[in-house]
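Overview (structure and organization)
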Amino acid sequence: MASPSSIKPFLKKFLTDNFKPLFSSNELGALGNLSSTSDDLIKEFGSLPRFEMTGDDIKDALGNKTRAIDMTKKNFPPFQRQYTGLVRDPLKDYRLNFGVGALQKSPTLATDASMLQGKTIVPLVGDRTSRDVIIYGIDDLKFENPIRTHGGVQFMDDADQGWASMQSLLKKLDDKLQTVEQMGGKPVGMTTTMGERSGDFSLDTANVIIESLRVKPNTKKNLNEMTKIIKNQTFRKKDKVSQPFKDIPNLNNIDEFATYFRKLPGTTRVALVEQFDKDVLQKLGAPDIGKIRIATSNPGLLDADQLGMGARFTDIKSGMTPSIHPSYDTKISKAPGAEVFTFDTTIPKTIMLREPMKTVRAEGKGLGAFASMPADLRKMQLNLPVQPVDQQLVDEASKYLEIKRTLGDRAAYEYAQKLIPAT
């Protein structure tokens, strides 16, 4: 494993963008806005640089951090436990062997919210997956076909990319952007972090599961039994019963299964990932889904607050075009000349979407509070709220960032809580 002190500046940049919590400022050094492709890196190093990250590395960096959920719930399980439905610690004995695929231009660090003045915030709800990480293996598994990740919030770092999603979902966003523009507003798309298992929709997660099944030692009997259990799984919705995996190929034929898995609709793919995360399949030797979810996640977002906002933001414009993202078919683009920013953290939705959250709280259903619940995500996706940026928002967001820098997470959360009724 290469040590941080031996990494050249543009490689340090990649580790900063993806793995910043795991390295000190002194180790990373001063960084520039360099951009390099895989070919550039191979030319520089002779091969793509490779590293190992362990569960202890991640725990040492993130384990003692105060989260928003810790402010409202005592003794809430540590962040890594949210990456699996099972009672286990996915970081126990965890080792990720990974490489660097490419480097995108770094976003501009925003130490306050002044650049948002006069614009309209449009939340872009997205998963936690990393970008341009090449996964060579997890724990003792060495992949025959390394998996490259495609992001996540870093999709916005590409020069012409604004945001990507499925066309049906992006159509609602595009309609909202047109409304904002018609009213004279300037929409700024701001990433809004989904839950820990949100990457299940991504083909990256499916590909790592496929490769893990390919190389993990197991018996034909166990794989036959896994196939049978998945095939017979039924789901009830109201009065209808479905059997979505009835056509699943036998897991002993990994290539047929791979084709099947990749062609599933995203929501069905999510349901299949969840099947592998069940105890009955784990006992038959299924890949450790908690570890896979962590492996495909951007470590800088591993413990991020659900629906925290501002890991990336940029001016965007209406208009849909085909996307190059392997998991999502449609994109919207940046506004001409738009710059990509990051708060280098996230800010609570109750600050960045102040008025919409006030309206949601007034409904009396427990939503729109400081700490987010799964129903808050569904509500946000359904309503697509926007927030015109006024001086109050600029002042409160900037103060939150200042407190977080100088006094720490807990003090910043206490400040955010004081801005709204006790929640």
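Use the structure listed above.
This text gives an overview of the structure that appears in the document. Residue indices begin from 1 for each chain and proceed along its sequence in written order. Since the coordinates come from a predicted model, pLDDT governs what is reported: local features require at least 70, and pairs of side-chain atoms require 80 or more to be given and counted, while whole-chain, interface and lining totals use all residues. For side-chain calculations, the full set of non-hydrogen atoms in the structure is used, while hydrogens and water are omitted.

Remarks on the overall build of the chain
Stated formally: Counting from the N terminus, the helices are DSSP H or I runs at least four residues long and the strands are E runs at least two residues long. Only protein chains enter the accessibility calculation, which uses a 1.4 Å probe; a residue is then buried when its area is under 20% of its type maximum, exposed when over 50%, and partly exposed in between. Residues count as neighbours in contact if any of their non-hydrogen atoms are within 4.5 Å of one another.
Scanning the chain from terminus to terminus reveals 16 helices and 14 strands. In the chain, which comprises 423 residues, the share counted as buried stands at 54%. Here the contacts in the chain between residues at least 6 apart in sequence split such that 76% fall between residues at least 24 apart.

Regarding helix α5 (residues 167-182)
One turn of an α-helix holds 3.6 residues; hence residues three or four places apart share an orientation. As a reminder of what qualifies: Residue count minus one, scaled by 1.5 Å, sets the expected span of a helix. Our arc is simply the arc of the directions from the helix axis toward the C-beta atoms.
Over its 16 residues, α5 extends 22 Å from the first C-alpha to the last, a length consistent with the 22 Å expected when each residue adds 1.5 Å. Among the residues of α5, L170, L173, D174, L177 and V180 are the ones counted as buried. An end-on view of α5 places all buried positions within 115° of arc, on one side of the element. Away from its buried face, by an angle of more than 90 degrees, α5 presents the exposed residues S168 and Q182. Buried residues along α5 sit in contact with β4 (120-126), β7 (163-165), β8 (187-193), β11 (309-322) and β12 (330-334).

Some details on the nonpolar core
We count it as follows: What is meant by a nonpolar core is a set of buried Ala, Val, Leu, Ile, Met, Phe, Trp, Tyr and Cys residues, joined one to another through side-chain atoms within 4.5 Å.
Judged by nonpolar contacts, the single largest core of 48 residues is most densely connected at I58, I138, F257, F261, L272 and F276. Top element by residues in this core is helix α6 (residues 203-215). It accounts for six residues. With residues near it in sequence (within four places) discarded, I138 still touches Y94, R95, L96, F143, V208, K291, I292 and A295. A113, V188, L367 and Y415 belong to the second-largest nonpolar core, a separate cluster that totals 38 residues.

Digging into helix α13 (residues 354-362)
Taken together, the buried positions of α13 are R354, P356, M357 and V360. Looking down the long axis of α13, one finds its buried residues gathered within 165° of arc, a one-sided arrangement. Buried residues along α13 sit against α12 (349-352), α14 (374-383), β14 (387-388) and α15 (391-406). Of the residues trailing α13, G364 is marked for its positive phi of about 75°.

Remarks on unusual backbone geometry
Phi at D139 is positive, roughly 55°, even though this residue is not glycine. Tracing the chain through its elements places D139 in the loop between β5 (131-138) and β6 (141-150).

A closer look at the sheet that holds β6
What counts, and what does not: DSSP calls a pair of strands paired once it identifies at least 2 bridges connecting them. Under this scheme, a helix contributes an axis fitted over its contacting stretch, all axes are lines through C-alpha atoms, and angles between N-to-C directions fall in the 0 to 180 degree range.
Read from one edge of the open sheet, four strands run β1-β2-β5-β6, paired in antiparallel fashion. Each edge of the open sheet is held by one strand with a lone partner, namely β1 (50-54) and β6. Across the sheet, the axes of successive neighbouring strands diverge by a mean angle of 30°, strand direction being ignored. Relative to β6, β5 runs antiparallel, the two being bridged by five bridges. Along β6, the bridge assignment pairs I134 with R148. This element, helix α11 (residues 289-296), spans β2 (95-100) and β5 of the sheet and lies at about 145° to β5.

Here's the deal with the packing of helix α8 (residues 254-263) against helix α9 (residues 266-276)
Convention followed: What sets the label is the angle itself: under 35 degrees gives roughly parallel, over 145 gives roughly antiparallel, 65 to 115 gives roughly perpendicular, and the rest give oblique. Residues are sorted three ways: Asp, Glu, Lys and Arg are charged, Ala, Val, Leu, Ile, Met, Phe, Trp, Tyr, Cys and Pro are nonpolar, and all the rest, Gly among them, are polar.
In contact at an axis separation of 9 Å, α8 and α9 are set at 130° when each is read in the N-to-C sense. Compared by their axis directions, α8 and α9 come out oblique. Contact residues: α8 offers F257, Y260, F261 and R262, while α9 offers R269, L272, V273 and F276. Considering only residue class, the contact of α8 with α9 consists of six nonpolar, no polar and two charged.

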